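Below, each chain spelled out in residue letters.
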Amino acid sequence: MTPAARERWHVRTPVLLVSVAAWIVFAIEPGNMALPAHCPAAMAGMTDFSAAVDMLLARPLSATMGWGLMLAAMMAPLLIAPVRHIHDRSFACRRERAIALFAAGYAAIWMPAGVVLLILALVIGMGAPGSWVLMVVVTIFALVWQFSPIKQSCLNRCHAHPELAAFGLAADLDALRFGLKHGIWCVGSCWALMLLPLLIWRGHLAAMAVVTLLLLSERLDSPAPARWRWRGPGKAVRIAVAQTRMQLQRS
Amino acid sequence: MAFTRRNVWNLGGDWADPILWYARGVAAMKAKTLAEPISWRFYGAIHGFNSQLWQRVGYYDPSEKMPGAPDVKRFWLQCQHGSWYFLPWHRGYLLAFEQNIRAAIKDMKGAPKDWALPYWNYFKPNQNQLPPAFASPDWPDGKGNNPLYVKQRYGPDDNGKVYVPMDEVNLKAMDDPDFTGVASGGSPGFGGVDTGFEHGGPVHGRLERQPHDQVHVLVGGGTRQDPGLMSDPRIAGLDPIFYLHHANIDRLWQVWRQNPPAHVDPPQDNWKKGPGNTGQRVFSMPLPDGTAWDYTPGDVADLSKLGYNYDDLSPATAAMQPADRLMRLGANAEVVKAAKGVRAVATGKNVELLGANQGALKITGSEASTSVKLDQGVRNKVAANLNLAKAAGIAEAAIAPDRVFLNLENVRGFSDATALKVYIDLPAGAKPADHPERLAGSVSLFGASKASMADDEHAGKGLTLVLEITDIVDALHLSNKLNMDSLDVRIVPRRPVPKDAEVSIGRVSIFRQGR
């Protein structure tokens, strides 16, 4: 293993463990912890918007935990690069604290964004419960966003690694600010795709997994000029195939 | 057939055969259109391309026919920078380029079949001037149309006088015991950091940073509005001197490899088999017979197997041995004796921040300075580690004392020709030139323009320039001056930096690497 690979491994492993742990909780307790318990699909039979919102608000802690868990499962793998940046550029004694502040800033953007997405999904789900036509329309919209120049701009900024102050309050604020900024660009990049699993009741976990892989794949591509372009899992698939081939050759 | 790359200054004349045939080959390649894969400009675009920049320097007209999309996708924008593939990718590039030159001249009367690129070894005494064949618009075959002459080659003082100032370049990289390193603040290694396909990573390997990058910008010169071709990686491959410079860098790789077992190429499959092996882009060059040559670092690592050699592989410098440093740090005679003959000892794995300045540093005019505050705990760790050398037993001598690195992080700007000298702990009011012992090194912004754009491959992160300051820290330690709260860093540009170059350093930091 090269020195750089060793350093990557040291950060990647705990971050991926957080994600795996969240996926395991989802798999074990899908009814209680997972978002479908509160999501619009679960309320598909309701016709009264306020009743649905009331139901959601009646279990705020559970809803918050469900969304937080969904974020941890789906987004943690996307945070490996920025967490490495903070880890590498902070004093050894401040690394955990700086990473926690980054995560807090990141969550401070994604948690309220989750409320907006849930309400949006609720409105869409109640408008035409179980309608496959609606799903197709939403999917087309998500794909248009996926291939748009705005999406590329957001994605590019997810690759930005700002300079970080090293000492005292300034260091704390920089870590927090980095998390907030990263969260904003991440929401800009991912919100449309994140909406899809919220609308799918059957196969919700599978939809989450597919979206996670897509989000992870697009982060593997280098930043590029902002224009309309295909943004799919091509590079990730090629890497996966090559890695599998290498493993088979070894065995 | 055997091919020998020779020193351009020792060919026996300004227009000795190898350089004259090179010029004729370049002329033939230049006569082809951009759409032809073995044309001069197509080869330049393999290294880098930017339509606006190419237009600005007069090498591209938007109305001309472009190559087909598959050719662009396969061949263009390939150069590997800020990566452990830097050396092998450029070696393959040179090998393919030489084949094209040989093919271009093969039907000319008297053309040598064994033609090989000369190299420009600017480190040899009195050989730091631009070879004369490149400096005049006239040549033996014509007036005013010398294919080796380039108007946009402005030199270190931006006055058209092209040479490599010897106080701006060094061969310290040749002492680095490790081919590959880290991007986290410690040594990036002789050959660069382990990456995938990387068309411009932020942290360059030590040989790439110095002398490679430095010679690029010193030869190219220029400004933001009027850059020298060599100064920017997106246009550098258009200057014929580029290939002689890279032949020298390739030669230095061969020289470095002559010191096994410490100086060896990476044994990892990911390096030997290249990025194509992990599903990424494959290194690929168009050849004169219309085919494409796909290659890996493993294919080109052994030059002799490819039938190539250099006329001079003598050691570049009198390298400092590990025993010398142990002696300097006060190790006992027995330990020093045991360490004698050891070419290099492994660098420690722990990299950690030792100190940093506060706030971004703008570089304008002829000087900038900042203060790097040190963390007391980590500073004491470094001092204790250096003191260990005194008490070390023979077994401990196998572990290198801490190395220390200055990092200029997130360096952004739009004039790649900017060259900066970096001084540490200069006395107040002192003239930097009077204190060469405080010179941490010279760095340049080669690749910074591209790295500063938010919607380009670097996402606007800029470059991170790494300088080893172990010798300076050792000196401070030995004179009991390391016990300080901060270190002053003074940046002295070779030429005053104009405001419109927008040069800034996001953070100046110091890292230790060791046990």
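The structure presented is a predicted model; accordingly, all values stated were derived computationally and were not measured. (Residues numbered from 1 in each chain as written. Chains lettered and ligands numbered in written order. Predicted model: local features only at pLDDT ≥ 70, side-chain atom pairs only at ≥ 80, totals over all residues.)

### Looking at the overall build of chain A
Selection rule: Each helix is a run of H or I in the DSSP string that is no shorter than four residues. Each strand is a run of E no shorter than two, and both are numbered from the N terminus. Partly exposed residues are those whose C-beta has more than 12 but fewer than 20 other C-beta atoms within 10 Å; with 20 or more the residue is buried, with 12 or fewer it is exposed, and the C-beta atoms are placed from the backbone. We call two residues in contact when the distance between their C-beta atoms, placed using the backbone, is within 7 Å.
Across its full length, chain A holds 10 helices and 0 strands. Helices and strands appear in chain A in the N-to-C order α-α-α-α-α-α-α-α-α-α. Split into buried and exposed, the 251 residues of chain A put 35% on the buried side. Considering only contacts in chain A between residues 6 or more positions apart, those separated by 24 or more positions represent 77%.

### Side note on the packing of helix H6 (residues 132-146) of chain A against helix H8 (residues 168-199) of chain A
Residue and element names in this part refer to chain A. Selection criterion: Axis lines are fitted to C-alpha atoms, over the contacting stretch for helices. Their N-to-C directions set the angle, which ranges from 0 to 180 degrees. Roughly parallel means an angle under 35 degrees; roughly antiparallel means over 145; roughly perpendicular covers 65 to 115; every other angle is labelled oblique. In a left-handed crossing the near helix is turned counterclockwise from the far helix by less than a right angle, and in a right-handed crossing that turn is clockwise. Here the nonpolar group is Ala, Val, Leu, Ile, Met, Phe, Trp, Tyr, Cys and Pro; Asp, Glu, Lys and Arg are the charged ones; every other residue, Gly included, is treated as polar.
Following both chains from N to C, one finds H6 and H8 inclined at 160°, their axes separated by 8 Å at the closest point. The angle between H6 and H8 falls in the class roughly antiparallel. In the packing of H6 onto H8, the handedness of the crossing is left-handed. Contacts between H6 and H8 involve Met135, Val138, Thr139, Phe141, Ala142, Trp145 and Gln146 from the former and Ala192, Leu193, Leu195, Leu196 and Leu199 from the latter. Split by residue class, the contact of H6 with H8 holds 10 nonpolar, 2 polar and no charged.

### A look at helix H7 (residues 149-158) of chain A
All names here are of chain A. Among the 10 residues that make up H7, 7 are buried, leaving the element largely enclosed by the rest of the structure. Regarding H7, the residues found buried are Lys151, Gln152, Cys154, Leu155, Asn156, Arg157 and Cys158. Its buried side turned inward, H7 meets H6, H8 and helix H9 (204-220).

### Quick word on the domain arrangement of chain B
All names here are of chain B. Inclusion rule: Per the annotation, domain bounds derive from an automatic or database assignment of domains.
The domain boundaries assigned to chain B delineate domain 1 (3-310) and domain 2 (346-391 + 398-514). A separation of 28 Å is found between the C-alpha centroids of domain 1 and domain 2. Across the contact, 36 residues belong to domain 1 and 37 residues belong to domain 2. Considered class by class, the residues forming the side of domain 1 that touches domain 2 number 10 nonpolar, 16 polar and 10 charged.

### What to know about the pairing of strand E5 (residues 292-295) of chain B
All names here are of chain B. Note the following rule: Here, a strand pair is defined by DSSP locating no fewer than two bridges between the strands.
Examined bridge by bridge, strand E4 (residues 283-286) and E5 share 4 bridges and lie antiparallel to one another. Across the sheet, residue Phe283 finds its bridge partner in E5, namely Tyr295. In sequence, E4 turns back onto E5 through a hairpin of 5 residues, with Gly290 there showing a positive phi of about 90°.

### Some details on the pairing of strand E7 (residues 350-356) of chain B
All names here are of chain B. For E7, a buried count of 6 out of 7 residues is recorded, marking the element as mostly surrounded by other parts of the structure. The pairing of E7 with strand E9 (residues 368-374) spans 2 bridges and is antiparallel. Following the sheet pairing, Gly355 is matched in E9 by Leu374.

### Describing the interface of chain B and chain A
Contacts between chain B and chain A engage 33 residues on the former and 30 residues on the latter. Residues belonging to the side of chain B that touches chain A are distributed by class as follows: 9 nonpolar, 13 polar and 11 charged.

### Considerations on the nonpolar core
As a reminder of what qualifies: Buried Ala, Val, Leu, Ile, Met, Phe, Trp, Tyr and Cys residues whose C-beta atoms connect them within 7 Å together make up a nonpolar core.
Within the largest apolar cluster, 175 residues are counted, with the highest numbers of intra-cluster contacts made by A:Phe102, B:Val422, B:Ala440, B:Leu467 and B:Ile469. Composition of this core by domain shows at least three residues from each of domain 1 (3-310) and domain 2 (346-391 + 398-514) of chain B. Apart from the residues within four sequence positions on either side, B:Ala440 is in contact with B:Leu406, B:Val422, B:Tyr423, B:Ile424, B:Leu467, B:Ile469 and B:Ile472.

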